[in-house]
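Here is what each chain is made of, one letter per residue.
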Amino acid sequence: MAEHLRAWARVDLARLAANYRALAASTAVPLMPVVKADAYGHGAARVGRVLTGLGAPMLAVAYAEEGAALRRAGIRAPILVLTGCGDGQQRDFLDHGLTPVVSTPATVRGALAAGRILGRPLPVHLKVDTGMGRLGFAPDDVVAEAEGLAASGRVEIVGLTTHLSSADEDAAVTARQLDVFDEALARLAARGIRPRHVHVAHSAGLSHLRPTHTLARPGLLLYGLKPRPLSPAVEVSPVMTVAGRIALVKDVAPGTAISYGGRWVARRPSRIATVFLGYADGVPRTLGMLEQGAFSVAARRAPVAGTVCMDLVMLDVTEVPEAAEGGEAVLFGDDPTAWDVGGWAGTNAWEVLTRVGPRVPRVYVGDTEATA
Ligand SMILES: Cc1ncc(COP(=O)(O)O)c(C=O)c1O
């Protein structure tokens, strides 16, 4: 990596393309890639361009601002905004041609107001809460909501969606959610409301597609990590590798304390590497507090030594003779993976990916033209 960089997130667009192709080939419906949270830290504009270039018909983001940023980056594909149109956000939706999910009273108001300004029905997706307990209308209320929306003349329900709570953990819970969803779909159909986009499956949900579904909404698998413990059987590889440069290597005597609080104390003559990556860059501070976790230096594991600092982390490289100033220390990538780091830190791969800080430059590799 370029010498002037102190830390970087290497994003392999060829791997992203390969993951997309593998997923698309093994999924019966088209994929609507989830590129919220800056494409899980990978950079939404670059990721969105690659995936729409490969044929993704639609992208999903969480917030209108994310959709607007994709439009400014030149993405023309339909963009679904999962949290919908809040009060006062209508201009974002109309100026940028974004499609809201309607899932709360406020997002109903927001979408209706947008439709009024637009002067013709605004396409929306309606969300049912089938058991996630987050956003969406209760299954018993969906028909009334849909009929109210349709009667307004201000919106057109072009999609129906729900979100699965436990597809990576519990197939029975998932089957119940899917049954509730299919029932809602049938009740809507009985009233003549037949949305053309029907989507439920995130990454883990891809194992549970039903014939009623017309789209899927994967995120994590596209970025090369499998949900755990249950995942669809598809081969993917991690797209992002986060690494920092070694600022200093020093030998310390037994009894030497390292970092804030002096919690880590050398038990033997030790070599300590100080690395340009800290918790502001996405190194979980809990790695130091729980005395768990390691970076990879010269393909060997180097345990975290002491409290992780805001900008720096110290590693025990006593067993890594190759460790040297200017060398690279990998927080996550192929090894350790974001799941390994998540496990050490008491969290998951989604959080590890999305926590990579904005000051870590994303460096893109993999020829997008060749992969498109
Ligand atoms: C509504 C919704 N759909 C799809 C996804 C993508 O999930 P995953 O990254 O597990 O594929 C998310 C992510 O959190 C989500 O909130």
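Just above, that's the structure.
Reading the values: rules and limits
Residues numbered from 1 in each chain as written. Predicted model: local features only at pLDDT ≥ 70, side-chain atom pairs only at ≥ 80, totals over all residues. Heavy atoms only, no water. Helix = DSSP H or I, 4+ residues; strand = E, 2+ residues; numbered from the N terminus. Rg over C-alpha atoms; globule rule 2.2 N^0.38 Å. Buried < 20%, exposed > 50% of the residue type's maximum accessible area, 1.4 Å probe, protein only. Contact = heavy atoms within 4.5 Å. Areas by Shrake-Rupley, 256 points an atom, 1.4 Å probe, with all protein chains shown as cover. Lys, Arg positive; Asp, Glu negative; His and termini not counted. Charge placed at Lys NZ, Arg CZ, Asp CG, Glu CD. Axes fitted to C-alpha atoms, helices over the stretch in contact; angles between N-to-C directions. Parallel < 35°, antiparallel > 145°, perpendicular 65-115°, else oblique. Left-handed = near helix turned anticlockwise from the far one by under 90°. Nonpolar A, V, L, I, M, F, W, Y, C, P; charged D, E, K, R; others polar. Pairing = 2+ DSSP bridges. Right-handed = clockwise from strand over helix to strand, strands pointing away. Salt bridge = Lys/Arg side-chain N within 4 Å of Asp/Glu carboxyl O. 1 Å grid on protein atoms, 1.4 Å probe; cavity = no way out; pocket = protein on both sides within 12 Å on 5 of 7 lines; lining within 4 Å. Points joined across faces, edges and corners; volume = space filled by probe spheres on them. Near = heavy atom within 4 Å. Sits in = over half its atoms within 2 Å of the grid points. Expected span 1.5 Å × (residues − 1). Arc of directions from axis to C-beta. Polar contact = N/O pair within 3.5 Å; in protein donor to acceptor, adjacent residues only side chain to side chain.

**Q** Give a description of the overall build of the protein that names residues and reports values.
**A** Counting secondary structure elements, the protein contains 12 helices and 16 strands. Compactness check: the protein gives a C-alpha radius of gyration of 23 Å against a globular reference of 21 Å for 372 residues, within 12% of the reference. With the C-alpha coordinates aligned to their principal axes, the bounding extent of the protein is approximately 75 × 40 × 40 Å. Every one of the 372 residues in the protein was classed for burial, and the buried ones make up 53%. Of the contacts formed within the protein by residues at least 6 apart in sequence, a portion of 66% connects residues at least 24 apart. Accessible surface, the protein as shown: approximately 15,400 Å² in total, 52% of it carbon and sulfur. Here the protein holds 38 positive side-chain charges and 36 negative ones, and the gap between their average locations is 3 Å.

**Q** Tell me what's going on with the packing of helix 1 (residues 13-25) against helix 3 (residues 44-53), and back it up with residues and numbers.
**A** Look at helix 1 against helix 3: their axes get within 10 Å of each other, and the N-to-C directions meet at 45 degrees. Considered as vectors, helix 1 and helix 3 are oriented oblique to each other. Considering the relative orientation of helix 1 and helix 3, their crossing is right-handed. Here L13, L16, A17 and Y20 of helix 1 lie close against helix 3, whose contacting residues are R46, V47, V50 and L51. A class-by-class count of the residues in the contact of helix 1 with helix 3 yields seven nonpolar, no polar and one charged.

**Q** Outline unusual backbone geometry, listing residues and values.
**A** Put simply, R228 and P229 share a cis peptide bond, and its omega is 0 degrees. Mapping P229 onto the fold places it in the loop between strand 7 (197-199) and strand 8 (240-252). The phi dihedral of A39 falls on the positive side, at around 55 degrees, and the residue is not glycine. You can see A39 is positioned in helix 2 (residues 36-40).

**Q** Give a description of the pairing of strand 5 (residues 122-127) that names residues and reports values.
**A** Counting buried positions over the six residues of strand 5 gives five, a clear majority of the element. As paired strands, strand 4 (residues 98-102) and strand 5 are joined by two bridges and run parallel to one another. Paired with V101 across the bridge in strand 5 is H125. Crossover handedness for the path strand 4 to helix 6 (residues 105-118) to strand 5: right-handed. For strand 5 and strand 6 (residues 155-161), the ladder comprises six bridges, and the chain directions are parallel.

**Q** Let's hear about the pattern of salt bridges: which residues, and what values?
**A** Under the counting rule described, the total for this entry stands at 20 salt bridges. A salt bridge links R210 to D179; its shortest N-O distance comes to 2.8 Å. With R210 in the loop between strand 7 and strand 8 and D179 in helix 8 (residues 171-190), this residue pair connects regions lying 31 residues apart in the sequence. Given a relative accessible area of 21%, R210 falls into the partly exposed group.

**Q** I'd like to hear about the environment of V352, residue by residue, with values.
**A** Looking at where V352 falls in the secondary structure, it is placed in helix 11 (residues 349-354). Residue V352 is classed as buried on the basis of its relative accessible area of 2%. Between the alpha carbons of V352 and A64 there is a distance of 24 Å; along the sequence they are 288 residues apart.

**Q** Got a sec to walk through the layout of surface pockets? Specific residues and values, please.
**A** In this model, the largest pocket occupies a volume close to 630 Å³. Every residue lining the largest pocket is counted, 27 residues in all, and those nearest its centre are K36, Y40, R134, H163 and H202. The biggest single contributor to the lining of the largest pocket is helix 2, with three residues. Here the lining of the largest pocket is composed, by residue class, of 13 nonpolar, eight polar and six charged. One number sums up the size of the second largest pocket: a volume of about 220 Å³. Around the second largest pocket, the lining is made up of 13 residues, and of these W264, V265, R267, E291 and D316 lie nearest the centre.

**Q** How would you sum up the pairing of strand 13 (residues 300-303)? Please name residues and give values.
**A** Pairing between strand 12 (residues 294-297) and strand 13: four bridges, direction antiparallel. Residue F295 lies in a different strand from strand 13, and its bridge partner there is A302. Hairpin connection from strand 12 to strand 13: two residues lie between these consecutive antiparallel strands, with A298 at a positive phi of about 50 degrees.

**Q** Explain the site of the ligand to me, and be specific about the residues and the numbers.
**A** Neighbouring residues of the ligand: 13 residues in total, closest K36, Y40, S203, R217 and G219. Relative to its free-state accessible area of 390 Å², the ligand is covered by the protein chains to the extent of 91%. If you map the ligand onto the pockets, it falls in the largest pocket. Here the residues of the shell around the ligand sort into six nonpolar, four polar and three charged.

**Q** Report on helix 8, specifying residues and quantitative values.
**A** In a regular helix each residue adds 1.5 Å, so 20 residues correspond to 28 Å; helix 8 covers 28 Å between its end C-alpha atoms and thus fits that length. For helix 8, the set of buried residues is T174, Q177, L178, F181, D182, A184, L185 and L188. What you see down the axis of helix 8 is that its buried residues fit within an arc of 160 degrees, all on one side. Among the exposed residues of helix 8, those oriented more than 90 degrees off its buried face are R176 and A190. Those residues of helix 8 hidden inside the fold are in contact with helix 7 (142-152), strand 6 and strand 7. A distance of 3.0 Å separates the backbone nitrogen of A172 from a side-chain oxygen at the start of helix 8, and that oxygen is part of D170. Looking one or two places after helix 8, you find G192, whose phi comes out positive at around 85 degrees.

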